[in-house]
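Coordinates in review
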Amino acid sequence: MDKGTKMSKYEYDFGEGLKQYKKIIDGGEADFVPVTTQMAEFCMKYGGHNGHDFFRDPELFVRGSLEVQLEMGYHVPDMVWDVYSVEAEALGGQMAWFDELYPALDNTEVIIANEKDLARMKAPDPLKSGRMPWVMEVLQICRELTGYTHYIHYCSPINLAAQVMQFERLILAMVENPKFVHKLMDFLVEEVLAPYINTYLKIVPGASIANGKDAVGSLPFITEEILHEFSLPYLAKLRKLCGGGAGIRSDNWWGDSFAQDIEKYWDIKLDVTPQYLKIQDPDCFRVGTERARAFADSRECALSFGVGTLLLQVGTKEEITQRIHEYMEVGSSGPFGKKFFLYLCSFSAQTPPENVRYAIEAVNSFNAGERPYAGKVISGPEGVAPEIKGGKGFMGIGSKYSGVSEFRDESRKQIFKEIYQTIMDFDDQLCPVLVQKAMDDGEDPLEILDEGLIPPMGEIGDMFASGELFVPEMLLAARAMKSGLAILKPILVKTQTKPKGTVVIATVFGDLHDIGKNLVGMMLEGAGFKVIDLGVNTKADEIIETAKEVKADVVGLSALLTTTMPFMKLTIEAIRDEGLDIPVIIGGAPVSQEFADNVDAHGYGDNAPIAVQLVKDLINAQKEAAA
Ligand code: B1M
């Protein structure tokens, strides 16, 4: 590997930055602030590679990543493949492959739905199944080329359970059949994750760290109760099965700002990842760097702040530099400040290369002593992050909608108030009983719907939008609502009661995120609309065909990746080219009103209740125009 032209015996030499990072991970202090990042997708695009080859050819993946990282001057080799799909793929899951994006598990297919499926499952062989051997090769090649033993990423137990079962199904099973979920978690930890990690620890020289990726294992995707019952025990078990070392960790939780007691949440994070406390945007900005620094001082632990992916993609040079300087200044201050490293959350394929350079320039200028923003701290509860300015909500949650709910009408009949309360209590047993009672008492089915079942879903949506309720609670309320609706449906069909309108919704092509879109769908159904959900990764043709077939009143598009937002534009154009005059509304965390205006969408929904209001307004406007 030695080319003879370099001082280092390794072909790719990351030099001092890597040494400083390793010092911190080994419990020591660094001489300057090192930076780590996640940039495989950017490297793929920048290097002119195709997703089909890049994520299948180990040497191309490693060299393609390292070359760009060294050219840009990054400190630590970064190997982040499609970390959420490898284990599920090895269990037989289907993959969706793309030219310019990470591949991803096609989550339309459920891999394990019940006990029977679980009994049929064969444990994967880490040296043979799916792309597990590809991962081993990637890590071995990385070590040969850089001398650095890169850690293995694994999909954390609860996130893997969501991948094999689908997220909503998993959450409901936790309530309806917790025994099964525990059995599933045992299988995933004992027969999938532990053998995978142990193979890595055995065959890659110097290996000691396995880092869990846990997008849906964080608040507000799960509640603190779920965290304690279904996440922490399995992370602890995994560590035990993999030799008990502190390197078996899971460091990328979100949701700090949703925790009841943030400091307590950080203590839990430190139990799971003892080497350092990592807090990433948007939470880091929202909670504030100074509070986190004070906590880390009190625990004398290493600390890392993560600069958000959206800022890195859409921010100006100044905005990026200011955020990086603040995080570095506060992070590296105080008696334990030499145990701080910076993390840049993710450079997507669409990040302009100049932004990738601005970010490293900002790191280098800070390390060289330049302090144009000295003492300026803009993060914290009062701060407004430039990437979400204009009232944009936070992770699809937390943008206050109506405040005091108009859904709580005290003058309603007692029976409707009681039905309302069953949904607020997530009671799917009592709700249908009371709906039946109302029917037996001669109440009009449409009124039961409008006065009993719809208002609480509006209230729940509001509480979710303002961060008072989390995703599982929203799912449980929807389940209770559906149990009552099931009693009404046959009568509504018989009396030919029309839905308030028909909405076709879909996550656009290339994107497999569906939690937000599903919540929007649930809220629309809860408000009395007929919803045709085309799922994820949906092409314009399919949307157009369905919209024509069902005579859709509105089309709703969701996207969670900045890289898939352009497909919203293409879909809207295709709908217009087809001569269809159907209004289109769009939403999803990276989408904004400005973007909606640019792509000629008829509306933008910052959150689910707003999406419902938009649909109502658009359908009313259509009716008025037709009258
Ligand atoms: Co993904 N992911 N993910 N992920 N993931 C993000 C989006 C990311 C920001 C994380 C990061 O910073 N690194 C990043 C995108 C970066 C970018 O675009 N620049 C990212 C990435 C990179 C990836 C992968 C590529 C990871 C990898 O493989 N290396 C991969 C992509 C696969 C693909 O799609 N091609 C991937 C995979 C996954 C999981 C499978 C693990 C999981 C998705 C599970 C699922 O959806 N079934 C996941 C998750 C959960 C996230 C985060 C953590 C949360 C997204 C979410 O569900 N938010 C996210 C990071 C973050 O946001 N902090 C992240 C909650 C949800 C309720 O909000 O969807 O915005 P949201 O919906 C809201 C509103 O926006 C609105 O209403 C909803 C409710 O109020 N809304 C609408 C939504 N749709 C609407 C439509 C409307 C109107 C309103 O009209 C029709």
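Everything here concerns the structure above.
This paragraph deals with the nonpolar core. Counting 186 residues, the largest nonpolar core has Trp81 and Leu342 as the members making the most contacts within it. At 13 residues, helix 10 (residues 178–203) tops the list of elements feeding residues into this core. Dropping the residues within four chain positions of it, Trp81 is found in contact with Phe55, Phe61, Val86, Tyr102, Trp134, Val135, Val138, Leu139, Tyr151, Ile152 and His153. Residues Ala506, Ile544, Met568 and Ile575 belong to the second largest nonpolar core, which totals 25 residues.

Glancing now at the packing of aromatic side chains. Within the structure shown, the criterion is met by 18 aromatic pairs. Ring centres of Trp81 and Trp134 lie 6.4 Å apart, and the angle between their planes is 90°; on these two criteria the pair is classed as edge-to-face. Taken as a pair, Trp81 in the loop between helix 4 (58–72) and helix 5 (86–90) and Trp134 in helix 7 (residues 132–146) lie far apart in primary sequence, 53 residues in all. Note on Trp134: relative accessible area 5%, which makes it buried. Seen from their ring centres, Tyr276 and Phe341 are 5.1 Å apart, and the 85° between their planes marks the pair as edge-to-face.

Another point: empty space enclosed by the protein. One pass over the full model with this rule turns up three cavities of 30 Å³ or more. Volume-wise, the largest cavity comes out at about 170 Å³. Lining the largest cavity are 19 residues; nearest its centre among them are Thr36, Thr37, Tyr151, Lys278 and Tyr343. Among the secondary structure elements, those contributing two or more residues to the lining of the largest cavity are strand 1 (35–37), strand 5 (210–213) and strand 9 (340–344). Of the residues in the lining of the largest cavity, the class split is eight nonpolar, six polar and five charged. What lines the second largest cavity is Met457, Ala478, Met481, Lys482, Leu485, Met522, Glu525 and Gly526. Elements supplying a minimum of two residues to the lining of the second largest cavity: helix 21 (471–494) and helix 22 (515–526). Per-element tally for the lining of the second largest cavity: the top contributor is helix 21, with four residues.

As enumerated under the stated definition, the model contains 30 salt bridges in all. With its nearest N and O atoms 3.7 Å apart, the salt bridge here joins Glu71 to Arg357. Linking Glu71 in helix 4 with Arg357 in helix 17 (residues 353–367), this pair joins segments that are 286 residues apart in sequence. Under the relative-accessibility criterion, Glu71 is labelled exposed at 52%. Glu176 is paired through a salt bridge with Arg479; the nearest N and O atoms lie 2.7 Å apart. Within this pair, whereas Glu176 is found in helix 9 (residues 167–176), its partner Arg479 is found in helix 21, the two being separated by 303 residues in sequence. Accessibility expressed as a relative area gives 16% for Arg479, which makes it buried.

This part covers helix 9. For helix 9, the complete set of buried residues consists of Phe167, Glu168, Leu170, Ile171, Ala173 and Met174. Summarising the contacts, the buried residues of helix 9 are in contact with helix 8 (157–165), helix 10, helix 11 (224–241), helix 21 and helix 22.

If you check the shell around the ligand, you find 45 residues, and the closest are Leu512, His513, Asp514, Ser558 and Thr562. The backbone of Leu512 places a nitrogen or oxygen atom 2.6 Å from an oxygen atom of the ligand. At a separation of 2.8 Å, an oxygen atom of the ligand approaches a polar backbone atom of Thr562. Mapped onto the shell around the ligand, the elements with two or more residues apiece are helix 8, helix 15 (309–314), helix 22, strand 12 (554–558), strand 13 (584–587) and helix 26 (608–626). The biggest single contributor to the shell around the ligand is helix 22, with four residues.

Rules of the game
- Within any chain, residue numbers begin from 1 and follow the written order of that chain's sequence.
- Residue-level local features of this predicted model are given only where pLDDT is at least 70; pairs of side-chain atoms are given and counted only at 80 or more, and the full residue set underlies all totals for whole chains, interfaces and linings.
- The basis for every side-chain value is the complete set of non-hydrogen atoms in the structure, without hydrogens or water.
- As used in this record, nonpolar core signifies buried Ala, Val, Leu, Ile, Met, Phe, Trp, Tyr and Cys residues forming a set joined through side-chain atoms within 4.5 Å.
- Partly exposed describes any residue whose relative accessible area lies between the buried limit of under 20% and the exposed limit of over 50%, with all areas from a 1.4 Å probe on protein chains only and scaled to the type maximum.
- Secondary structure counts use DSSP, requiring at least four H or I residues in a row for a helix and at least two E residues in a row for a strand, with both numbered from the N terminus.
- In what follows, residue pairs with any heavy atoms lying within 4.5 Å of each other are defined as contacts.
- Working definition: a ring pair exists when centres of Phe, Tyr or Trp rings (six-membered ring for Trp) sit within 6.5 Å. Plane angles under 30 degrees give stacked, over 60 give edge-to-face, the rest tilted.
- We place a 1 Å grid over just the protein atoms. Points where a 1.4 Å probe fits but has no way out form a cavity, open points with protein on both sides within 12 Å along at least 5 of 7 lines form a pocket, and any residue with an atom within 4 Å of a point lines it.
- Grid points are joined across faces, edges and corners, and a volume is the space filled by probe spheres set on the points.
- In this count, Pro and Cys sit with the nonpolar residues alongside Ala, Val, Leu, Ile, Met, Phe, Trp and Tyr, while Asp, Glu, Lys and Arg are called charged and the others, Gly among them, polar.
- A carboxyl oxygen of Asp or Glu within 4 Å of a side-chain nitrogen of Lys or Arg is what we treat as a salt bridge.
- Nearness here has a simple test: a residue counts as near a molecule or strand if at least one of its heavy atoms is within 4 Å of that partner.
- Two N or O atoms form a polar contact when they lie within 3.5 Å of each other; inside protein one atom must be a possible hydrogen donor and the other a possible acceptor, and for residues adjacent in sequence the pair counts only when both atoms belong to side chains.

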